[in-house]
Amino acid sequence: MSRMKLILQAQAAECGLACLAMVADHHGHRTDLQDLRQRFQLSLKGASLTGLIGIAQALGFQTRALRLELEDMTRLQAPCILHWDLNHFVVLRKVGTRGITVLDPAFGERTLSHAEASKHFTGWRWS
C-alpha cells in the first residue's frame, strides 16, 4: 500500500477535518487542513459524524456510516475514517493479521494489536 500523507490536527477539535483531509488527499483531492478549515466552519466541539459526512459530500465523495465489530475490519477498504475513543476520529490505513495501522491526527501513525485497537474502536466507520 502506498504511503498516505499524515496530517496532524492543529487544534483539539479538528481531528475529523484532519482525517477527511488525509482521505481526500489519498483520492487525489489536492486540499489540506487549512483549506478545509476556511471552507467549512466547525464548532469548538469539532465535527460530528453527520457534519463530516456533509463535508465529504460537498467535496464530491459518496459516503455512508456503518456499524461493525472489530473482527469485521478486514472487510473494509482503506483508507476510511474510524470513530475512536467515543470522541475522536482516525484514518484506518491498514488491517493485518496481527493488528491495524491508523493515522491518528493527534499522535501520528500508530500500529495496534487487535486487542489494543478494541479498547479504542467505537464501532463506527465511514468511507
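Overview of the structure. (Residues numbered from 1 in each chain as written. Predicted model: local features only at pLDDT ≥ 70, side-chain atom pairs only at ≥ 80, totals over all residues. Heavy atoms only, no water.)

Further remarks concern the nonpolar core. Formed by 24 residues in total, the largest nonpolar core has its most connected members in Met-22, Leu-59, Ile-81 and Val-91. Listed by contribution, the elements that provide at least two residues to this core are α1 (15–26), α2 (33–39), α3 (49–58) and β3 (88–95). Residue contributions to this core peak at 9 residues, all from α1. With 14 residues, the next largest nonpolar core counts Leu-68, Leu-82, Val-90 and Ala-117 among its residues. (Core = buried A, V, L, I, M, F, W, Y, C linked by side-chain atoms within 4.5 Å. Buried < 20%, exposed > 50% of the residue type's maximum accessible area, 1.4 Å probe, protein only. Helix = DSSP H or I, 4+ residues; strand = E, 2+ residues; numbered from the N terminus.)

The subject of this paragraph is unusual backbone geometry. A cis amide bond, omega 5 degrees, links Ala-78 with the succeeding residue Pro-79. Note on placement: Pro-79 falls in the loop between β1 (65–67) and β2 (80–84).

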